[in-house]
Amino acid sequence: MIGDMKQETGENSDAYQAKRDINITHQGMDYQNVKQLCLDLIHDNFPKLQEEAMKQVNENVMAFAIELKAEIAKKQAVTEPEKLAQPDVQAVLNEAVQGAAKKGKKADLNLLASLVASRIDRDNSDLLDITIEEAIRLTPKLTREHINFLSVKHFVSSITIQMLNVEFGHLEQHAALVLAAFERNCVLSVPNIQYLAGVGVLDFNLMFGHDIYEIQFKGYPTLAENPQEFKEKVKSQAPSLSKLLALYEKEKFSSANLNSFGQVVALTSLARIFGNIDLKIWIN
């Protein structure tokens, strides 16, 4: 389900102690504070790097700091900045900064920053918090292709459009966005999918699988009489969805099953094209 995130008003101000005072106002953390926080964390963890290596580390961390500032500002209405004072949040921010420092542009820094911002959402359950924390730890280990695979897998197999009088045109509209964003680099080799299983974002077994048209039909039972008719109507009325489903059938997507960590990564990735997706709906 694609849900709208409830918008609420944040606190006016707060502050917490890192190596120095970091002020959080009603406008959120300013760039200098985010930058300094990230630099403090990384210099604590990489104190003996050669000058050239430290220069690259600093550039990587600055790129992450820019993304983090933007994501915190974007989610300002639904976050609790005071959570940044909590030891577990500082620990997970440290994980994110180290991942960004090591991987740089090879990592999806925007996704990593968005996950950190989601970790300080108000009203998160303990389960959601620890799930996001693990997703943050795992994300630097994923390539863009891995993230695209998770995104397509979750969209096709687990997301339905919740609206009155849904039509194939609505399905086509959403599928076209996913196809444009992820189709180009979402096909993985078996060793790559096995790697994702080893990292811990999905289960994979070539002996298992499912009929994706049957699953889609169950999500939209008013659009056809049976899965075969649904498949035929998709082909004629929703070509982007038809292409996605054909790709799904061909490329071993049905042999993979995302766990909660993989779902959080996929949903955070999909939120970049669909807008707000409330993780609380999925992990509760």
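It should be emphasised that the depicted structure is a prediction, and the values quoted were computed from it without experimental measurement. (Residues numbered from 1 in each chain as written. Predicted model: local features only at pLDDT ≥ 70, side-chain atom pairs only at ≥ 80, totals over all residues. Heavy atoms only, no water.)

Student: Even after reading the chapter, I still don't get the side chain of Asn-110, so can you show me in this structure?
Tutor: For Asn-110, the location among the structural elements is in helix 4 (residues 109-119). Among the residues examined, Asn-110 registers a relative accessible area of 18% and is labelled buried. Setting aside anything within four residues of it in sequence, one finds Asn-110 in contact with Glu-67, Glu-71 and Arg-272. (Helix = DSSP H or I, 4+ residues; strand = E, 2+ residues; numbered from the N terminus. Buried < 20%, exposed > 50% of the residue type's maximum accessible area, 1.4 Å probe, protein only. Contact = heavy atoms within 4.5 Å.)

Student: It is not clear to me how helix 11 (residues 239-250) should be interpreted in this structure. Could you clarify?
Tutor: Owing to its 3.6 residues per turn, the α-helix aligns residues three or four sequence positions apart on the same side. The end-to-end C-alpha distance of helix 11, which contains 12 residues, comes to 16 Å, matching closely the 16 Å that a straight helix rising 1.5 Å per residue would cover. The set of residues buried in helix 11 consists of Ser-240, Leu-241, Ser-242, Leu-244, Leu-245, Leu-247 and Tyr-248. Taken together, the buried residues of helix 11 touch helix 6 (144-158), helix 7 (168-182), helix 9 (212-219) and helix 10 (227-237). Note on helix 11: the residue one or two positions beyond its end, Lys-252, has a positive phi of about 70 degrees. (Expected span 1.5 Å × (residues − 1).)

Student: Would you take a moment to explain unusual backbone geometry for this structure?
Tutor: Only a minority of non-glycine residues have a phi that is not negative, and only a minority of peptide bonds are not trans. Phi angles above zero are rare outside glycine, and Asn-165 is one such case at about 55 degrees. Within the secondary structure layout, Asn-165 lies in the loop between helix 6 and helix 7. The class of Asn-165 is exposed, set by a relative accessible area of 66%. Unlike most non-glycine residues, Lys-252 shows phi in positive territory, near 70 degrees. Turning to its location among the elements, Lys-252 is positioned in the loop between helix 11 and strand 5 (256-258). Residue Lys-252 is classed as partly exposed on the basis of its relative accessible area, which comes to 31%.

Student: Hey, could you run me through the nonpolar core in this one?
Tutor: Inside soluble globular proteins, nonpolar side chains tend to come together where they are buried. Ranked by internal contacts, the top residues of the largest apolar core, which has 78 residues, are Phe-64, Phe-149, Leu-150, Phe-155, Leu-171, Leu-202 and Phe-230. Among the elements that take part in this core, helix 2 (residues 51-74) stands out by supplying eight residues, more than any other. In contact with Phe-149, other than residues within four places in its own chain, are Cys-186, Leu-188, Ile-193, Leu-196, Leu-202, Glu-251, Phe-253 and Ala-256. (Core = buried A, V, L, I, M, F, W, Y, C linked by side-chain atoms within 4.5 Å.)

Student: In this structure, what is going on with the packing of aromatic side chains? I would like to understand it.
Tutor: How two aromatic rings sit relative to each other is set out by the distance from centre to centre and by the angle between their planes. Per the counting criterion, the structure on display carries five aromatic pairs. Ring plane angle 65 degrees and centroid distance 6.4 Å describe the contact between Phe-217 and Phe-230, whose orientation is recorded as edge-to-face. Taken together, the residues span a long stretch of sequence, with Phe-217 in helix 9 and Phe-230 in helix 10 at a distance of 13 residues. A single burial state applies to Phe-217 and to Phe-230, both of which are buried. (Phe/Tyr/Trp six-rings, centres within 6.5 Å; stacked < 30°, edge-to-face > 60°.)

Student: It is not clear to me how the confidence of the model for the protein chain should be interpreted in this structure. Could you clarify?
Tutor: Atomic detail in the predicted coordinates should be set aside for any region of low pLDDT. For the protein chain, mean pLDDT is 86; residues scoring 70 or higher make up 82% of the total. Below a pLDDT of 50 lies the segment residues 1-27, which in the model reaches 71 contacts outside its immediate sequence neighbourhood of four places, other chains included. (pLDDT = per-residue confidence, 0-100.)

Student: Where do I start with the side chain of His-154 in this structure?
Tutor: In this fold, His-154 is placed in helix 6. Residue His-154 is classed as buried on the basis of its relative accessible area of 2%. With sequence-adjacent residues up to four places away left out, His-154 is seen in contact with Ile-159, Leu-258, Gln-263, Ala-266, Leu-267, Leu-270 and Trp-282.

Student: Whenever I open this one, helix 7 confuses me. Can you help?
Tutor: When the terminal C-alpha atoms of helix 7 are compared, their 21 Å separation across 15 residues agrees well with the 21 Å that a helix rising 1.5 Å per residue should span. Listing the buried residues of helix 7 in full gives Phe-168, Leu-171, Glu-172, His-174, Ala-175, Val-178, Leu-179 and Phe-182. In this fold, the buried residues of helix 7 make contact with helix 6, helix 10, helix 11 and helix 12 (260-274).

Student: Mind showing me how you'd approach the packing of helix 4 against helix 12 here?
Tutor: The description of two helices packed together rests on the angle between their axes and the distance between the axes. It is at 10 Å that the axes of helix 4 and helix 12 come closest, and there the two elements cross at 110 degrees. Judged on the interaxial angle alone, helix 12 and helix 4 are roughly perpendicular. Packed against helix 4, whose contacting residues are Asn-110, Leu-111, Ser-114 and Leu-115, the element helix 12 presents Val-264, Val-265, Thr-268, Ser-269 and Arg-272 at the interface. For the contact of helix 4 with helix 12, the per-class residue count stands at four nonpolar, four polar and one charged. (Axes fitted to C-alpha atoms, helices over the stretch in contact; angles between N-to-C directions. Parallel < 35°, antiparallel > 145°, perpendicular 65-115°, else oblique. Nonpolar A, V, L, I, M, F, W, Y, C, P; charged D, E, K, R; others polar.)

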